[in-house]
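# Commentary on secondary and tertiary structure
What follows is the residue order along each chain.
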2 protein chains.
Amino acid sequence: MISRVESAAATRRSLLDAAAALLNEGGPEAVTLREVGSRAGVSRGAPYRHFHDKDDLLAAIAAEAWDRLADEAVALSADPARPAHDKLRDMLSGMLTIGREKPHLYRLMHRAPAAEEMLRAAARSQDPFLTVLSDLVGPDRAHHYGALLLTSVHGILGMEASGQLSREKWRTDADEILETLLGALPAG
Amino acid sequence: MISRVESAAATRRSLLDAAAALLNEGGPEAVTLREVGSRAGVSRGAPYRHFHDKDDLLAAIAAEAWDRLADEAVALSADPARPAHDKLRDMLSGMLTIGREKPHLYRLMHRAPAAEEMLRAAARSQDPFLTVLSDLVGPDRAHHYGALLLTSVHGILGMEASGQLSREKWRTDADEILETLLGALPAG
DNA sequence: GCATTTCAGATGACAATGTCAACTCTTACG
DNA sequence: CGTAAGAGTTGACATTGTCATCTGAAATGC
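Computed from a prediction, not measured in an experiment: that's the story for all the values here.

### A closer look at the relation of the copies chain B and chain A
- Superposing chain B onto chain A requires a rotation of 180 degrees together with a translation of 0.0 Å along the rotation axis, leaving an RMSD of 0.0 Å. Accordingly, the operation relating the two chain copies is best matched by a two-fold axis. Of every C-alpha in chain B, the one belonging to B:Gly155 sits nearest the axis of rotation, 1.7 Å from it.
- Same-surface contact between copies: 100% of interface residues of chain B are shared with the interface of chain A.

### Considering the packing of helix α7 (residues 139–161) of chain A against helix α9 (residues 174–183) of chain B
- Put simply, α7(A) and α9(B) touch, their axes get as near as 10 Å, and they point 85 degrees apart. By the angle between their axes, α7(A) is roughly perpendicular relative to α9(B). On α9(B), the residues that touch A:His144, A:Ala147, A:Leu148 and A:Thr151 of α7(A) are B:Glu176, B:Ile177, B:Thr180 and B:Leu181.
- Classifying every residue of the contact of α7(A) with α9(B) gives four nonpolar, three polar and one charged.

### Comments concerning the UniProt feature "DNA-binding region" (unreviewed entry) in chain A
- The UniProt record marks residues 32–51 of chain A with the feature "DNA-binding region" (unreviewed entry), using the residue numbering of this structure.
- Summarising residues 32–51 of chain A: 40% helix, 0% strand, and an end-to-end C-alpha distance of 14 Å.

### Some remarks on the side chain of A:Ser152
- By the secondary structure assignment, A:Ser152 is in helix α7.
- Beyond its immediate chain neighbours, meaning those up to four positions away, A:Ser152 contacts A:Leu181 and B:Ser152.

### Notes on the UniProt feature "domain: HTH tetR-type" (unreviewed entry) in chain A
- Under the present numbering, the feature "domain: HTH tetR-type" (unreviewed entry) in UniProt falls on residues 9–69 of chain A.
- In the segment residues 9–69 of chain A, helix accounts for 69% and strand for 0%; the C-alpha atoms at its two ends are 23 Å apart.

### Topic: the interface of chain B and chain A
- Facing the 41 residues of chain B at the interface are 41 residues of chain A.
- Here chain B meets chain A over a buried area of about 3400 Å², counting both sides, of which 64% is carbon and sulfur.
- Counting the contacts that link chain B with chain A gives two salt bridges.
- The closest approach of N and O atoms between A:Asp127 and B:Lys169, which form a salt bridge, is 2.9 Å.
- Linking chain B with chain A are 13 residue pairs in polar contact (both at pLDDT 80 or more).

### Description of the nonpolar core
- With 117 residues, the main nonpolar core has A:Leu88, A:Phe129, A:Leu149, B:Leu88, B:Phe129 and B:Leu149 as its most contacted residues.
- If we ignore the near neighbours within four places in the chain, the residues touching B:Phe129 are A:Trp170, B:Leu88, B:Met91, B:Leu92, B:Gly146, B:Leu149 and B:Leu150.

### Concerning the protein's contact with DNA strand D
- Every one of the 21 residues lining DNA strand D counts as a neighbour, but A:Arg34, A:Lys54, B:Ser43, B:Arg44 and B:His50 are closest to it.
- The sugar-phosphate portion of DNA strand D accounts for 46% of its atoms within 4 Å of the protein, the bases making up the rest.
- Here a phosphate oxygen of DNA strand D sits 3.5 Å away from a polar atom, N or O, in the main chain of A:Val31.
- For DNA strand D, a phosphate oxygen lies 2.6 Å from a polar atom in the side chain of A:Lys54.
- For the surface near DNA strand D, the elements supplying multiple residues, two or more each, are α2 (33–40) of chain A together with α1 (4–26) of chain B.
- Broken down by element, the surface near DNA strand D gets its largest block of residues, three residues, from α1(B).

Reading the values: the criteria
- Residues numbered from 1 in each chain as written.
- Chains lettered and ligands numbered in written order.
- Predicted model: local features only at pLDDT ≥ 70, side-chain atom pairs only at ≥ 80, totals over all residues.
- Heavy atoms only, no water.
- Least-squares fit on C-alpha atoms with pLDDT ≥ 70 in both.
- Contact = heavy atoms within 4.5 Å.
- Axes fitted to C-alpha atoms, helices over the stretch in contact; angles between N-to-C directions.
- Helix = DSSP H or I, 4+ residues; strand = E, 2+ residues; numbered from the N terminus.
- Parallel < 35°, antiparallel > 145°, perpendicular 65-115°, else oblique.
- Nonpolar A, V, L, I, M, F, W, Y, C, P; charged D, E, K, R; others polar.
- UniProt positions renumbered as here; feature names shortened; annotations may be inferred.
- Buried area = accessible area lost by both parts, 1.4 Å probe.
- Salt bridge = Lys/Arg side-chain N within 4 Å of Asp/Glu carboxyl O.
- Polar contact = N/O pair within 3.5 Å; in protein donor to acceptor, adjacent residues only side chain to side chain.
- Core = buried A, V, L, I, M, F, W, Y, C linked by side-chain atoms within 4.5 Å.
- Buried < 20%, exposed > 50% of the residue type's maximum accessible area, 1.4 Å probe, protein only.
- Near = heavy atom within 4 Å.

Okay, here's the thing in structure tokens:
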């Protein structure tokens, strides 16, 4: 038998899933509370029992995405057999994959102004990244190069998405740029 | 006496200015065609005589912003007295300035999917940038490093805007990251 | 076991907004 | 001078976010 709180939690989950699916399929303008409710099997007003408003729902989706990324990064960094350099590459390409396969979600994860909860989840996903970098370039330089790498990946994805990183104009591509950066890392 | 086409052109200008002002003041959601028309002294339907729809108006604003940036870059690169290294720094900090002082406009300039006209204007603004880089690192490597620098600046601005580039977390900031990149440029 | 409270959900209503169709009126043009 | 063109206005409509109100079932207190 399902209790009331269980049912409410299930509804909340359905709302989040429906909204995330709509976002991936049709972008931000496809996410309407009416359609979200409809797909989740509830009415248009039901989301207000679980989220303060539409922005709050979107922020929750972004926070969950950061949480998943954090979990992946933690799992990656925990593998003792894998070399640090490979872990770093995996983390960066994980970010590239999200940006390319779910561009709308990726943009939502970098929304300004960011929600507090989302920022915390994002920061958590960056901790294992810093740990791996520490192993590579030493703890002193880890933050510096971490910021450099993360901002670069973010910039690559942004310009790629807006079509400003065309191969014919720049005679290079995302992977090549990233290789240059990784190759320039000082050995720790 | 003002002709009809002159008056229409003036209205179009007023609409663009009003929309750009609203964007800077209150972000994208503050740009409503009704308020744009009102500030331009016309009715809510008038914009449709000059732009296909709201998106078209926004795309025109973005294209104009890229055009202005292109003009500045051309003027900068034309100065024969200024060292190439300083020109490069000026161009990059010009981009940083726009991103910080007019974040909503900056985001609009990197919208996905981008309008064709806007992409052309953006590409035009990058030509003098490539010229300066050619002087610095040679024509062969100009494109590669140009893409690296531009994507980095874009990424820095994006993460700064969403609050993910806090000094206490990364123990560095935008200017320091940029200095690192500029310092890593091979001498041409 | 029953009365009461709580709360998820449904529904009606409303204002804001993008957009279109119909209309007006000034201006350019034959 | 008459006619066409087109800038601008206005009425209308669908969509959407949001709130107030209502409903019904589950949890809680006695």
